[in-house]
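The primary structure of each chain is shown beneath.
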Amino acid sequence: MIDVTRMNGTVLTINSDLIETVEEIPDTVITLTNGKKIIVKESRQEVKNLVKLFKKDIFCNN
């Protein structure tokens, strides 16, 4: 799970396994596997880094 910030400033926790795409058009839009789209303040690269850190934490801290 990763925390992202909606454009109105509220923090949202999403399941990173459900992320299908992350686009910057120009705002960052996360599309989930169920088709839901979430516009966030974080950049595409920041979202990518959050997912990588989460996966690293899961798989390397056993």
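## Let's talk about the nonpolar core
Membership of the largest hydrophobic core is limited to 11 residues, which are Ile2, Val4, Leu12, Ile14, Ile19, Ile30, Leu32, Ile38, Val40, Val47 and Val51. Going through the elements one at a time, β1 (2-5), β2 (11-14), β4 (28-32), β5 (37-40) and α1 (44-60) are the ones with two or more residues in this core. Sequence-distant contacts of Ile2, that is, excluding residues within four places in its chain, are made with Leu12, Thr13, Ile14, Ser16, Ile19, Val47, Leu50, Val51 and Phe54.

## So, the environment of Lys48
Locating Lys48 in the fold gives a position in helix α1. The spatial distance from the C-alpha of Lys48 to the C-alpha of Gly9 is 20 Å, given a sequence separation of 39 residues.

## Quick look at the sheet that holds strand β3 (residues 19-24)
Taken together, 3 strands build an open sheet; the order of strands is β3-β4-β5 and the sheet is antiparallel. Of all the strands in the sheet, just β3 and β5 have a single pairing partner and so form its edges. Neighbouring strand axes in the sheet, compared pairwise and without regard to direction, differ in orientation by 20° on average. Across 4 bridges, the pairing between β4 and β5 is antiparallel.

## Comments concerning the pattern of salt bridges
Scanning the model with the defined rule gives 1 salt bridge in all. Taking the shortest distance from any N to any O, the salt bridge between Asp17 and Lys55 comes out at 2.3 Å. You can see Asp17 sitting in the loop between β2 and β3 and its partner Lys55 sitting in helix α1, a full 38 residues away along the chain. For Lys55, a relative accessible area of 28% puts it in the partly exposed group.

Conventions adopted
- Residues numbered from 1 in each chain as written.
- Predicted model: local features only at pLDDT ≥ 70, side-chain atom pairs only at ≥ 80, totals over all residues.
- Heavy atoms only, no water.
- Core = buried A, V, L, I, M, F, W, Y, C linked by side-chain atoms within 4.5 Å.
- Buried < 20%, exposed > 50% of the residue type's maximum accessible area, 1.4 Å probe, protein only.
- Helix = DSSP H or I, 4+ residues; strand = E, 2+ residues; numbered from the N terminus.
- Contact = heavy atoms within 4.5 Å.
- Pairing = 2+ DSSP bridges.
- Axes fitted to C-alpha atoms, helices over the stretch in contact; angles between N-to-C directions.
- Salt bridge = Lys/Arg side-chain N within 4 Å of Asp/Glu carboxyl O.

Geometry only, nothing functional implied.
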